[in-house]
Amino acid sequence: MACGFRRSIACQLSRVLDLPPENLIKAISAVPISRKEEVADFQLSVDSLLENNNDHSRPDIQVQATRLAEKLKCDTVVSEISTGQGTVNFKINRELLTKTVLQQVINDGSKYGLKSELFSGLPQKKIVVEFSSPNVAKKFHVGHLRSTIIGNFIANLEEALGHQVTRINYLGDWGMQFGLLGTGFQLFGYEEKLQSNPLQHLFEVYVQVNKEAADDKNIAKSAHEFFQRLELGDTQALALWQKFWDLSVEEYMRIYKRLGVHFDEYSGESFYREKSQEVLKLLDSKGLLQKTVRGTAIVDLSGNGDPSSICTVMRSDGTSLYATRDLAAAIDRMDKYNFDAMIYVTDKGQKKHFQQVFQMLQIMGYDWAERCQHVPFGVVQGMKTRRGNVTFLEDVLNEIRSRMLQNMASIKTTRELENPQETAERVGLAALIIQDFRGLLLSDYQFSWDRVFQSRGDTGVFLQYTHARLHSLEETFGCGYLNDFNTACLQEPQSVSILQHLLRYDFLVLLSLHLLSEMTVDGLLTTDVNKPVASSWPPATSTCPLREDKGGHRQGQSLGLKNITAESLQVPDILWVME
């Protein structure tokens, strides 16, 4: 497959450049595919070979590329060598390309691309990914959807490459809001309503107690006292809080099941209420803790009183804050998992918070703080159902299913299904995920139901439609031809384009990993592989891919490529939310 082609190219380059092939393999990248013309398959940037030279001593890059290309020769693997803007380009023998890629997809199945030599030097790591993190005792807000989708993508990506991944759902389950909720439930709560519809009832209680507290200072005082009791470990207060926690997690797990998401650990800020006091003592012992005139405790990260670099770590009453508990959680996770990397997936509004947390860990003496990374993302705007403004994820999931069912019913070619609601939800979720991954990670975007459910263009619905259509053809014609295909029948531009997209899959996996480390991952795997592969097939009314030659071989080979493509469209599923 691609790694074999790269090695062959690297071996020839190594003889000319007097460098080990292993040093060149990762420098040989897949060429972006053009819809207008057939392009080379791989390229070597000459600039990468001269990276140690300073700007003044660098020779002319284009001249160097031309000279290098002249020293190389075509062989049984490479059929054409050319130059681009500072690059040497390599075109793979088309029959060899066809045979190798198709056979590799058949042999590797869902592991296609992940056995590439590009990943052979990657050390296996222990990686912690914290994502989703809804607030306990509240219905799952739609604002946590992006964290859930992106965090699961990152966890799946790392896991697919063989890393040991721990998925943590760090719940918002502590703070003054639980003082309000505890007081509110004592005043306005009903046990039977709590058991029948827990999150809805707690939401109603929270709204009511907030309204009452605005006019009644005694309620606000009671809420403050309730939270203090929680911090001090009062048995009765903790029992009520624990009931809220258990009921909330039970509801969340039901929603995660619909999303196809799982976690290895459910924890929360509450788990670190005691350990946060140890953090405060450590900060104090290192002379980093400062008391303000209001009685709060702060850490001045600038050392010169810069207000923008001051982080508050304790309230005036001695209770902990979000930052303190995050410090305690990070220290505990290192003790527990000894991670090589820990990734926090939250919206970009928390960028400063994590910068301060990581900086405090470093000045506390934890060198491993450099292994911590925040992956921020932009905000989704305008997500509404037909009934108006949406605040809860379950409303969105129900809306997805409802709209997709209507779409399916309106299409004449839709088959009768055993469970149309389940199918509608799965197709709708895939459409939502593709829509979310289309833009840049840090960008806010305006949500549109119409765009999500478009059946043409770069959409999840079209991707699923293509996959279903290919499997339908497989069922109709069978698949006995897969182990005996004639590669000469698959040399037209359309087939070659599909093969080129499949060829560069391993490169896109690696590129996504690098972009993740730079916090700019933009869904390459769902758009740059699936979208063009799906859109390369003609409409259902087209007969071109199924035309026969005299022996019927053309039909069989085209169907073979269709079957391979159907399989390849499943490969990136390991990197999606859907499992």
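Please read these numbers as outputs of a predicted model, since none were measured by experiment.

Rules of the game
- Residues numbered from 1 in each chain as written.
- Predicted model: local features only at pLDDT ≥ 70, side-chain atom pairs only at ≥ 80, totals over all residues.
- Heavy atoms only, no water.
- Helix = DSSP H or I, 4+ residues; strand = E, 2+ residues; numbered from the N terminus.
- Contact = heavy atoms within 4.5 Å.
- Areas by Shrake-Rupley, 256 points an atom, 1.4 Å probe, with all protein chains shown as cover.
- Buried < 20%, exposed > 50% of the residue type's maximum accessible area, 1.4 Å probe, protein only.
- Arc of directions from axis to C-beta.
- Polar contact = N/O pair within 3.5 Å; in protein donor to acceptor, adjacent residues only side chain to side chain.
- Phe/Tyr/Trp six-rings, centres within 6.5 Å; stacked < 30°, edge-to-face > 60°.
- Lys NZ or Arg CZ within 6 Å of the ring centre and 35° of its normal.
- Axes fitted to C-alpha atoms, helices over the stretch in contact; angles between N-to-C directions.
- Parallel < 35°, antiparallel > 145°, perpendicular 65-115°, else oblique.
- Pairing = 2+ DSSP bridges.
- Right-handed = clockwise from strand over helix to strand, strands pointing away.

1. Re the overall build of the protein
Scanning the protein from terminus to terminus reveals 22 helices and 16 strands. Considering only contacts in the protein between residues 6 or more positions apart, those separated by 24 or more positions represent 71%. Taken as a whole, the protein presents about 26900 Å² of accessible surface, with 48% of it coming from carbon and sulfur.

2. Quick notes on the environment of L510
Secondary-structure assignment places L510 in helix α20 (residues 505-517). Classification of L510 as buried rests on a relative accessible area of 8%. Taking the C-alpha atoms as reference points, L510 and K26, 484 residues apart in sequence, are found 9.7 Å from one another. Not counting the four nearest positions on each side in its chain, L510 is found in contact with L118 and F119.

3. Some details on helix α4 (residues 61-71)
Along α4, the residues classified as buried are A65, L68 and A69. All buried residues of α4 lie within an arc of 100° about the axis, which places them on one face of the element. Across from the buried face of α4, at angles greater than 90 degrees, the exposed residues are E70 and K71. Among the residues of α4, the N-terminal cap falls to D60, whose side-chain oxygen and the backbone nitrogen of Q62 are separated by 3.1 Å.

4. Here we look at the packing of aromatic side chains
Summed over all chains, the structure comprises 22 aromatic pairs. With a centroid separation of 6.4 Å and 45° between ring planes, the pair formed by Y170 and Y272 is classed as tilted. Taken together, the residues span a long stretch of sequence, with Y170 in strand β6 (residues 164-171) and Y272 in the loop between β7 (265-268) and α12 (275-285) at a distance of 102 residues. For Y272, a relative accessible area of 3% corresponds to the buried category. Note on F354 and F358: the rings are 6.0 Å apart at their centroids and 40° apart in plane angle, and the pair reads as tilted. In this pair, F354 and F358 are both assigned in helix α14 (residues 351-363), 4 residues apart and thus about one turn of the helix distant. Judged by relative accessible area, which is 14%, F358 ranks as buried. Members of the aromatic cluster, each reached through a chain of ring pairs, are F131, F140, Y252, Y256, F263 and Y266. Lying across the ring of Y170, R333 places its NZ or CZ 5.0 Å from the centre.

5. Examining the packing of helix α6 (residues 145-160) against helix α16 (residues 420-437)
Orientation of α6 relative to α16, taken along the N-to-C sense of each, is 85°, at an axis distance of 11 Å. In terms of axis orientation, α6 runs roughly perpendicular to α16. Note on element contacts: α16 touches α6 through L432, I433, D436 and F437, opposite L145, R146, I149, I150 and F153.

6. Points about the pairing of β6
Counting buried residues in β6 gives 7 out of 8 residues, a clear majority hidden from the surface. One ladder, built from 5 bridges, connects strand β5 (residues 126-130) with β6; its direction is parallel. Each bridged residue has a counterpart across the sheet, and for K126 the counterpart in β6 is Q164. For the segment spanning β5, α6 and β6, crossover handedness is right-handed.

7. Structural notes on the sheet that holds β5
Taken together, 5 strands build an open sheet; the order of strands is β7-β6-β5-β11-β12 and the sheet is parallel. At either margin of the open sheet sits one strand with a lone partner, and together these are β7 and β12 (372-377). Going from strand to strand, the sheet's axes swing by 25° on average, the running direction of each strand aside. Its contacts with the sheet place α6 against β5, β6, β11 (341-347) and β12, and it is angled at close to 165° to β6. Along the sheet, helix α13 (residues 322-337) makes contact with β5, β6, β7 and β11, crossing β6 at roughly 155°.

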